[in-house]
Amino acid sequence: MKLACFVEAYNFKDKSERKALSKFKSTAESMGHTFDFIFKEDISRVAEYNALFIRATTDPSNSAYVASRLAEQSGLKVIDDPHSIRTCSNKAILHDLFLKNNIPSPKSLLFTGDFSSVSLDNIFETLGTPVVIKTPYTRFSSHVEKADGIQEFISISKKLLRKSKVLVVQEYVMSDFDWRVGILRNEIIYLCKYCIPDGGWKVKSKINGKNVWGDTIAVPRESISPELKEICINLSKCVGDGLYGLDVKETSGGYRVIEINDNPSIYEGYEDAIDRDIYEKIINALVS
Ligand SMILES: Nc1ncnc2c1ncn2[C@@H]1O[C@H](COP(=O)(O)OP(=O)(O)O)[C@@H](O)[C@H]1O
Ligand SMILES: [Mg+2]
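The notes below deal with the structure included here. In this text the structure is predicted, and so the values were computed from the model without any measurement. (Residues numbered from 1 in each chain as written. Chains lettered and ligands numbered in written order. Predicted model: local features only at pLDDT ≥ 70, side-chain atom pairs only at ≥ 80, totals over all residues. Heavy atoms only, no water.)

**Some remarks on the nonpolar core**
- Core analysis: the largest hydrophobic core is formed by 28 residues, its most contacted members being Phe53 and Ile282.
- Sort the elements by how many residues they give to this core and helix H8 (residues 278–287) lands first, with seven residues.
- Apart from the residues lying within four places of it in its own chain, the contact partners of Phe53 are Ala4, Cys5, Phe6, Phe24, Phe35, Ile79, Leu243, Ile282 and Leu286. (Core = buried A, V, L, I, M, F, W, Y, C linked by side-chain atoms within 4.5 Å. Buried < 20%, exposed > 50% of the residue type's maximum accessible area, 1.4 Å probe, protein only. Helix = DSSP H or I, 4+ residues; strand = E, 2+ residues; numbered from the N terminus. Contact = heavy atoms within 4.5 Å.)

Okay, structure coming up:
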C-alpha cells in the first residue's frame with residue numbers, strides 16, 4: 001500500500017523525533033509498503049495514497065486538520081481522523097465528555113468571564129485552592145496556569161480570556177508524574193511516566209525563567225493496573241478507534257484523567273523504549 005505521513009519541518013528538529021519518523025518509514029517498507037513524508041505544499045496529493053498518518057500538530061486551525069479531512073473525504077484510512085482531532089483538541093468538549101461518561105477526572109467548570117464575587121467564591125468553594133486554568137486549545141502546557149487565590153485567578157483568567165472566550169477551570173490534582181497511556185484501536189500499546197521536573201507542577205514547567213521537561217520513564221504495557229486500563233479504554237472508546245495518548249494522575253483516592261490527546265508524541269528512546277513494536281502496530285492499523 002501507499003502510505004503518506006503528513007509532517008512539518010519542526011517534526012525533524014529533535015533528533016529522537018526524527019529517528020522515530022525514520023523508524024515508521026523503515027518499518028512500513030519492511031512490511032512491503034511505500035511511506036512518503038508529505039508537507040502542506042503536497043496537501044492536494046493526499047488522495048493519491050491509500051492511508052495517511054499525521055505527525056504534524058493537528059488542531060483544527062492547522063493544515064494537518066485539512067489533510068485529515070481531505071483524506072477522510074477521499075476514503076483513505078487516516079490517523080488522526082477528523083472526529084478524533086475535533087474532540088481531543090478542545091478541553092471544554094473533553095470536560096463535557098468526561099462528565100457524560102463518568103470518566104474520573106478533576107472537578108472542572110467552564111468560565112466565561114463572570115468576575116462577580118458570587119461567581120468567584122463559587123469557583124473556589126467548588127474546586128478548592130489552588131485551581132488550574134486552561135484555554136480549550138492549549139498544547140505542550142502553553143496555556144495551563146495555576147492560581148492560588150481569587151486575585152491571581154482574576155489576573156490569569158483576564159489574560160487567558162484574550163486567547164479564548166471560554167476557559168476550563170479545574171481542581172488542582174498533585175502528583176510527581178502523569179501516566180501517559182498510549183492507545184491504538186482501543187488497546188494499550190505503550191505506557192510511560194511523564195515526570196514533573198523538580199520545582200515545577202507540569203511535565204513542561206517554567207523554572208527560573210527556563211522551560212524544563214521532566215523525564216520520561218517507559219514502563220511495560222502489561223504492567224498497567226487493571227483499573228487504569230479500564231478507565232483508559234472506556235475513554236478511548238468514547239472518542240474513536242484511533243491513536244491516542246491519555247494523561248492520567250494517580251492519587252490516593254484513585255485515578256484522575258487529565259486529558260486524551262490525538263497525535264501523541266512518539267520519540268525514539270522514549271515512548272518506544274520498552275514496547276518496541278508500536279511502529280509495526282501503527283502501520284498495521286493504517287493498512288487494515
Ligand atoms: N487539574 C490539574 N491538576 C494538576 N495538574 C494539572 C491539571 N491539569 C493539567 N495539569 C498538568 O499540566 C500539564 C498540562 O496540562 P494538560 O491539560 O495536559 O494540557 P496540554 O494539552 O497543554 O498538555 C500536565 O503536566 C498536567 O499534568
Ligand atoms: Mg497534556
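So that's the structure; there's more coming.
**Details of the site of ligand 1**
- Near ligand 1 there are 21 residues, and of these Lys91, Lys134, Ser141, Asp178 and Glu259 occur at the shortest range.
- In this structure, Val203 approaches ligand 1 through a main-chain N or O atom, which is 3.0 Å from an oxygen atom.
- For ligand 1, whose free accessible area comes to 530 Å², the fraction covered by protein is 96%.
- Secondary-structure elements contributing two or more residues to the shell around ligand 1 are strand E6 (131–134), strand E8 (167–171), strand E14 (243–251) and strand E15 (254–262).
- Considering only residue class, the shell around ligand 1 consists of nine nonpolar, three polar and nine charged.
- The residue makeup of the shell around ligand 1 includes at least three contributed by each of domain 2 (107–171) and domain 3 (177–287). (Near = heavy atom within 4 Å. Polar contact = N/O pair within 3.5 Å; in protein donor to acceptor, adjacent residues only side chain to side chain. Areas by Shrake-Rupley, 256 points an atom, 1.4 Å probe, with all protein chains shown as cover. Nonpolar A, V, L, I, M, F, W, Y, C, P; charged D, E, K, R; others polar. Domains from an automatic or database assignment.)

**Examining the sheet that holds strand E5 (residues 108–111)**
- On the basis of which strands lie adjacent, the open sheet formed by four strands has the order E5-E8-E6-E7 and antiparallel pairing. Strands at the two margins of the open sheet, each flanked by one partner only, are E5 and strand E7 (144–147). Pairs of neighbouring strands in the sheet enclose a mean axial angle of 25°, with direction left out of account.
- Summarising the sheet, E5 and E8 pair through four bridges and their orientation is antiparallel. When the sheet's bridge partners are listed, Leu110 is paired in E8 with Val168.
- Its contacts with the sheet place helix H4 (residues 91–100) against E5, E6 and E8, and it is angled at close to 140° to E5.
- Where helix H5 (residues 117–127) meets the sheet, its contacts fall on E5, E6, E7 and E8, and the angle it forms with E5 comes to roughly 160°. (Pairing = 2+ DSSP bridges. Axes fitted to C-alpha atoms, helices over the stretch in contact; angles between N-to-C directions.)

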